[in-house]
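Observations on the model geometry
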Amino acid sequence: MTSIAVGAATIVPAVQASATPAAPHTTAKSSANSSAKSSAKASADSTVRIQQRSSSKCKSPKGKKINVSYQPGWLSTTFYFNNHCKQRRAFKVMGVTGQKPPKFGTVACIAVNAKTKGRKKVRHPGYSVTHIKFIKKC
């Protein structure tokens, strides 16, 4: 039997019915039950966080932007940035604590050089990242 690898998944062609149909049937049933349980578990998990994207216009050249994307994590968040501007740009990472009453504040400040693409990991135990705010400098 041959298999074809496509990305991270492997596609296996269908196999003809064998002399003992009970064995493949029970295997398929047990794998179907386990996949149903895992999908129910994933849908019941309300802690799934969505990737955030933000951008800001450049002073020069006109029509260019700085782009920032991130997916908030529990203890740290990695910020991916691509600065198309001819000047250095900065942004503040804003967050909120889990305390009662919650406290809102700046978690970190990241400055990005002109014409730079990269990433920066920010640790923020005790805070949950809510958004970013573009500023003139850190």
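Below or above, wherever it landed, is the structure these notes cover. (Residues numbered from 1 in each chain as written. Predicted model: local features only at pLDDT ≥ 70, side-chain atom pairs only at ≥ 80, totals over all residues. Heavy atoms only, no water.)

**Regarding the state of the cysteines**
- Overall, the coordinates contain two disulfides when judged by the stated rule.
- Here cysteine 58 pairs with cysteine 85 through a disulfide, and the sulfurs are 1.8 Å apart. Classification of the bridge connecting cysteine 58 and cysteine 85 rests on its S-S torsion, roughly -80 degrees, and on that basis the disulfide is left-handed. Placement of the pair is cysteine 58 in the loop between β3 (52-57) and β4 (65-70) and cysteine 85 in the loop between β5 (76-83) and β6 (89-97), with a sequence separation of 27 residues. Residue cysteine 58 shares its accessibility class with cysteine 85, and that shared class is buried.
- The residue that forms a disulfide with cysteine 109 is cysteine 138, at a sulfur-sulfur distance of 1.9 Å. Disulfide cysteine 109-cysteine 138: the torsion about the S-S bond is -90 degrees, which places it as left-handed. In this pair, cysteine 109 sits in strand β7 (residues 104-112) while cysteine 138 sits in the segment after β9 (127-135), placing the two residues 29 residues apart along the sequence. (Disulfide = S-S within 2.5 Å. Helix = DSSP H or I, 4+ residues; strand = E, 2+ residues; numbered from the N terminus. Buried < 20%, exposed > 50% of the residue type's maximum accessible area, 1.4 Å probe, protein only.)

**Some remarks on the sheet that holds strand β8 (residues 117-123)**
- One open sheet accounts for four strands, arranged β3-β4-β5-β8; its pairing is antiparallel. Strand pairing shows two members of the sheet lacking a second neighbour, β3 and β8, which therefore form its edges. Strand after strand, the sheet turns through a mean of 20 degrees between neighbouring axes, direction not considered.
- As paired strands, β4 and β5 are joined by five bridges and run antiparallel to one another. Paired with serine 69 across the strands is tyrosine 80, a residue of β5. (Pairing = 2+ DSSP bridges. Axes fitted to C-alpha atoms, helices over the stretch in contact; angles between N-to-C directions.)

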